[in-house]
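Structural overview
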Amino acid sequence: MTDDTNILRASYHTLGCKLNFSETSAIGMQLARRGIIKAQGGEIPDIVVVNTCSVTEVADKKGRSLIRRLRNRWPDATLVVTGCYAQLKPQEVAAIEGVDIVLGNDEKLRISDFLRQWEADRRSRVAVHDYLDIREFHGACERGDRTRYWLKVQDGCDYFCTYCTIPFARGRSRSGRIADLVAEAENAAEAGGKEIVLTGVNVGCFGKDTGEDFLELLKRLDAVEGIERYRISSIEPNLLTEEIVRWIADGSRAFMPSFHIPLQSGSDEVLRLMNRRYRTDLFTDRVQMIRSLMPDAFIGVDIIAGARGETEGEWEKSFSYAESLPVSRYHVFPYSERPGTKALGIDHNVSQEEKHRRVAMLTKLSDVKLRDFSRRFFGTVRPVLWEHPDADEEGLMYGHTDNYLRVRASASASLYNTISSARLEGFVDTETLSATTDI
Ligand code: SF4
């Protein structure tokens, strides 16, 4: 029997984007190398790490309430808060009762050093670099489940869209090195991973700082044996070049026909006010190019409802543009006012009530798009990566097709983490299709 009374345990809590989740995992791995293991259900942690988000006011609020809840639950643990909320409002975070260490985004992967200092002197610390000084790239590859990994290839952003605080929270764009990222993918393959999602803040900016090339990264990853599927989490339309799309369509082994592209508004005037780097003509061009080269590709699109400057006239333009695009679904976000952003200087503020009306209209449009897109594949056979069994009902498995349709089938759990053909039959609900493996 081992005596583990001296072993330290940590519990991890993440809010926000996939990048945050992959970084929390990197923090966990770093602490594990120091012998600090992850607290399992019911165990009392010695260290609590909260990786926050600050994409909206609501995200800040969620961060504050999570920190307070965790402090009340484990009053004796060392409480470390990091992430975008900590980076943007370090003093506000430090003022929350019981917070011991506040780390900015550049310091989050130096947590081990800060914990050592804490062990030595028990002094609270706030360590946050100015965003202009955030220069280092910290790699991270998170195992979402056994099938899918999130590989961080890039961090930060140089775009400064007027409504966004991310460049201030994450600093300037910087990238991993191809050789390191390929090594991460090889490790994921060795651990049984079948799918890798490439993440970053502005992924298409990969290599602008190192002189390496994004398409070259994709080609090198494509050659990693054992990884059957790759997806790019999200890419700015102006950076999704014809060369990349053509290579995915014709040259790639494992990059899937699925894309996620932020539009944000279908009004050129609102795009101008947002300081976005494209207009609707470029966006239309990209969507049409994908559709002509990969007619079955899933195209998911982000759109913001009720941004400053979205007058009734601009909203009408935006909505009818969104209606006209042959995309698969919209991810709809209500505009959220962020202190310190240039957008605050834009005239015409949309009321909350009107914002909700616009969100509801876009959400309804998205449901129609998703159903229309899905329906096209009824009766067809597609490869599915089986990702997990149903939590409540035995004998049901869930997975995704190559073109990112979520499916459910009566199937044996032995299909888990394998790819096999399934015939798509009908709807379980808007998000999920029923399928049969008996073909
Ligand atoms: S591209 Fe624009 S919206 Fe996206 S992170 Fe950069 S500044 Fe923010």
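**A short note on the overall build of the protein**
Across its full length, the protein carries 13 helices and 20 strands. Taking 2.2 N^0.38 as the reference for a compact globule, 439 residues should give roughly 22 Å; the C-alpha atoms of the protein span a radius of gyration of 23 Å, in line with that estimate. Along the first, second and third principal axes, the C-alpha set of the protein runs to 65 × 60 × 45 Å. Taken across its 439 residues, the protein has 44% of its residues classed as buried. Taking all contacts inside the protein whose residues are at least 6 apart in sequence as the whole, residues at least 24 apart take part in 74%.

**So, the packing of helix H7 (residues 178–190) against helix H8 (residues 214–222)**
Following both chains from N to C, one finds H7 and H8 inclined at 30°, their axes separated by 10 Å at the closest point. Between H7 and H8, the angle falls in the class roughly parallel. Our pair here, H7 against H8, has a crossing hand that is right-handed. Only Glu216, Leu217, Arg220 and Leu221 of H8 make contact with H7, whose side of the interface consists of Ile178, Leu181, Val182 and Ala185. Considering only residue class, the contact of H7 with H8 consists of 6 nonpolar, no polar and 2 charged.

**Examining the site of the ligand**
Around the ligand lies a shell formed by Cys157, Tyr159, Phe160, Cys161, Cys164, Ile166, Pro167, Val201, Asn202 and Glu236. In terms of residue class, the shell around the ligand is made up of 8 nonpolar, 1 polar and 1 charged.

**Some details on the domain arrangement of the protein**
The domains assigned to the protein are domain 1 (9–129), domain 2 (141–373) and domain 3 (381–436). The distance between the C-alpha centroids of domain 1 and domain 2 comes to 28 Å. Counting residues at the interface gives 14 residues for domain 1 and 17 residues for domain 2. Only helix H1 (18–33), helix H2 (57–73) and helix H3 (84–88) provide two or more residues apiece to the side of domain 1 that touches domain 2.

**Some words on the packing of helix H12 (residues 312–324) against helix H13 (residues 352–375)**
One way to put it is that H12 packs onto H13 with a least axis distance of 10 Å and a crossing angle of 10°. Here H12 is positioned roughly parallel relative to H13, judged by the angle of their axes. Contacts between H12 and H13 pair Trp315, Phe319, Ala322 and Glu323 from the former with Arg358, Met361, Leu362 and Leu365 from the latter. Class assignment of the residues belonging to the contact of H12 with H13 gives a composition of 6 nonpolar, no polar and 2 charged.

**Observations concerning the sheet that holds strand S1 (residues 9–14)**
Taken together, 6 strands build an open sheet; the order of strands is S2-S1-S3-S4-S5-S6 and the sheet is parallel. Each edge of the open sheet carries a strand with a single partner, namely strand S2 (37–38) and strand S6 (125–127). Pairing between strand S3 (residues 47–52) and strand S4 (residues 78–83): 6 bridges, direction parallel. Looking at the pairing, Ile47 lines up with Thr78 of S4.

**Re H1**
The end-to-end C-alpha distance of H1, which contains 16 residues, comes to 23 Å, matching closely the 22 Å that a straight helix rising 1.5 Å per residue would cover. Those residues of H1 lying buried are Leu19, Asn20, Phe21, Ser22, Glu23, Thr24, Ser25, Ile27 and Leu31. At the exit of H1 stands Gly35, carrying a positive phi of roughly 85°.

**Remarks on the pairing of strand S19 (residues 419–429)**
Relative to S19, strand S16 (residues 381–389) runs antiparallel, the two being bridged by 5 bridges. Its bridge partner lying in S19, Pro383 is registered against Ser421. Of the pairings in the sheet, the one linking S19 to strand S20 (residues 432–436) comprises 5 bridges and is antiparallel in character. Pairing of Leu424 across the sheet is with Ala435, part of S20. Hairpin connection from S19 to S20: 2 residues lie between these consecutive antiparallel strands.

**Some remarks on the nonpolar core**
The biggest cluster of nonpolar side chains holds 98 residues, and the ones touching the most others in it are Val80, Leu151, Ile196, Ile299 and Ile303. The element that contributes the greatest number of residues to this core is strand S14 (residues 298–305), accounting for 6 residues. Taken domain by domain, the makeup of this core includes at least three residues from each of domain 1 (9–129) and domain 2 (141–373). In this view, Ile303 contacts Leu263, Gln264, Ser265, Ala322, Tyr330, Val332 and Leu362; residues no more than four positions away in its chain are not counted. Among the nonpolar cores identified, the runner-up in size contains 12 residues, and Val384, Leu385, Met397 and Ala435 belong to it.

**Observations concerning unusual backbone geometry**
For Arg122, which is not glycine, the phi dihedral falls at a positive 55°. On the secondary structure map, Arg122 appears in the loop between helix H5 (111–121) and S6. Despite not being glycine, Phe160 shows a phi value in the positive range, around 50°. Within the element layout of this structure, Phe160 appears in the loop between strand S9 (154–155) and helix H6 (166–170). Its 12 C-beta neighbours within 10 Å are what place Phe160 among the exposed residues.

**Concerning the sheet that holds S20**
An order of S16-S17-S18-S20-S19 is seen for the 5 strands of this closed barrel, with the pairing classed as mixed. Between one strand and the next, the sheet's axes are offset by a mean angle of 50°, whatever the strand orientation.

**Side note on the environment of Leu293**
By the secondary structure assignment, Leu293 is in helix H11 (residues 280–293). Given 15 C-beta atoms within a 10 Å radius, Leu293 is considered partly exposed. For the pair formed by Leu293 and Glu107, sequence separation is 186 residues and the distance between their alpha carbons is 43 Å. Those residues within four positions of Leu293 in sequence are excluded, and the remaining contacts are Val245, Arg246 and Ala249.

**Overview of H12**
In a regular helix each residue adds 1.5 Å, so 13 residues correspond to 18 Å; H12 covers 18 Å between its end C-alpha atoms and thus fits that length. By the burial criterion, the buried members of H12 are Glu314, Trp315, Ser318 and Ala322. Along the long axis of H12, the arc covered by the buried residues comes to 100°, so they all point the same way. Of the exposed residues in H12, the ones pointing more than 90 degrees away from its buried face are Glu312, Gly313, Ser320 and Ser324.

About the cut-offs
- Residues numbered from 1 in each chain as written.
- Predicted model: local features only at pLDDT ≥ 70, side-chain atom pairs only at ≥ 80, totals over all residues.
- Helix = DSSP H or I, 4+ residues; strand = E, 2+ residues; numbered from the N terminus.
- Rg over C-alpha atoms; globule rule 2.2 N^0.38 Å.
- Buried ≥ 20, exposed ≤ 12 C-beta atoms within 10 Å, placed from the backbone.
- Contact = placed C-beta atoms within 7 Å.
- Axes fitted to C-alpha atoms, helices over the stretch in contact; angles between N-to-C directions.
- Parallel < 35°, antiparallel > 145°, perpendicular 65-115°, else oblique.
- Left-handed = near helix turned anticlockwise from the far one by under 90°.
- Nonpolar A, V, L, I, M, F, W, Y, C, P; charged D, E, K, R; others polar.
- Near = placed C-beta within 6 Å.
- Domains from an automatic or database assignment.
- Pairing = 2+ DSSP bridges.
- Expected span 1.5 Å × (residues − 1).
- Core = buried A, V, L, I, M, F, W, Y, C linked by C-beta atoms within 7 Å.
- Arc of directions from axis to C-beta.

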